[in-house]
Amino acid sequence: MSSFVVVLDPKRLNNADTDLSVLVPDAIERNSEGFVLAEGWTYADNETMQLYFSCSNSVKGMELIRKALSLGTFKENDLSHSLVGFRPLNTGKYVVVHPPGEIGLYIEDAYA
């Protein structure tokens with residue numbers, strides 16, 4: 001099972017609303033027709049919101065997450081450039097796979 005994290009940075013949002021912790025996972029699950037599953041969320045030490053997801057195919061999962069984040073705004077926020085990290089197993093750091101200018105950076109798992 002592949003794991004993904006979507007990072008929402010309040011400094012980059014127009015409206016850093018905690019409702020995003022429900023709205024974004026719902027949109028991703030709905031737009032992926034249940035292929036990508038929400039696995040919870042938490043706040044990291046740097047005050048970013050980390051939303052966790054899993055799916056059985058990392059390539060398809062990444063495309064579905066990016067598509068869902070690009071479909072419109074969430075509470076007046078354009079999330080199409082939000083950090084998305086991937087890890088093939090449920091251990092270690094996430095590697096940024098989106099947006100293109102940030103690929104290869106690492107995201108610490110706030111749950112760990």
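The sections below set out a description of the structure shown in this document. (Residues numbered from 1 in each chain as written. Predicted model: local features only at pLDDT ≥ 70, side-chain atom pairs only at ≥ 80, totals over all residues. Heavy atoms only, no water.)

**Section: the overall build of the protein**
Here is the rule we go by: Counting from the N terminus, the helices are DSSP H or I runs at least four residues long and the strands are E runs at least two residues long. Computation of the radius of gyration draws on C-alpha atoms alone. For the globule rule, the value is 2.2 Å times the number of residues to the power 0.38.
Counting its regular elements, the protein contains 2 helices and 8 strands. Ordered by position from N to C terminus, the α and β elements of the protein give β-α-β-β-α-β-β-β-β-β. Taken over C-alpha atoms, the radius of gyration comes to 12 Å for the protein, in line with the 13 Å a tight globule of 112 residues would show. Counting only C-alpha atoms and orienting by the principal axes, one finds that the protein spans roughly 35 × 30 × 25 Å.

**Here's the deal with helix α1 (residues 20-31)**
Selection rule: Helix span, as expected, comes to 1.5 Å for every residue beyond the first. Categorising residues by exposure relies on relative accessible area from a 1.4 Å probe, with only protein chains included: less than 20% of the type maximum marks a residue as buried, more than 50% marks it as exposed, and the intermediate range marks it as partly exposed. Starting at the helix axis, one direction is taken to each C-beta atom, and the arc is that of these directions. For this analysis, residues touch if any pair of their heavy atoms sits within 4.5 Å.
The terminal C-alpha atoms of α1, which comprises 12 residues, lie 16 Å apart, in line with the 16 Å expected from a rise of 1.5 Å per residue. Taken as a whole, α1 has its buried residues at Leu20, Ser21, Val24, Pro25, Ala27 and Ile28. Mapping the buried residues of α1 onto a view down its axis gives an arc of 160°, with all of them on the same face. Lining the buried residues of α1 we find β1 (2-8), β2 (37-43), β3 (49-55), α2 (58-70), β4 (73-74) and β5 (77-78). Backbone geometry just after α1 places Glu33 at a positive phi near 55°.

**Description of the pattern of salt bridges**
Our working definition: A side-chain nitrogen of Lys or Arg and a carboxyl oxygen of Asp or Glu constitute a salt bridge if their distance falls within 4 Å.
Summed over all chains, the structure comprises 6 salt bridges. Across the salt bridge formed by Glu102 and Arg12, the nearest N and O atoms sit 3.9 Å from each other. Here Glu102 is found in the loop between β7 (94-98) and β8 (106-107), whereas its partner Arg12 is found in the loop between β1 and α1, with 90 residues between them in sequence. Here Arg66 makes a salt bridge to Glu63, at a shortest N to O gap of 3.5 Å. With Arg66 and Glu63 both in helix α2 and 3 residues apart, the pair spans about one turn of that helix. Sharing partners across several salt bridges, the network here consists of Asp17, Asp19 and Lys75.

**Focus on the sheet that holds β7**
Spelled out, the test is: Each pair of strands is called paired provided DSSP finds at least two bridges between the two strands. Convention adopted: a line fitted to C-alpha atoms gives each axis, helices being fitted over their contacting stretch, and angles between N-to-C directions are expressed from 0 to 180 degrees.
An order of β2-β3-β1-β6-β7-β8 is seen for the 6 strands of this open sheet, with the pairing classed as antiparallel. Lying at the two open borders of the sheet, with one neighbouring strand each, are β2 and β8. Bridge count for β1 against strand β6 (residues 83-87) is 5 bridges, and the pairing is antiparallel. Counted as the bridge partner of Val6 is Val84 from β6. This element, α2, spans β1, β3, β6 and β7 of the sheet and lies at about 25° to β1.

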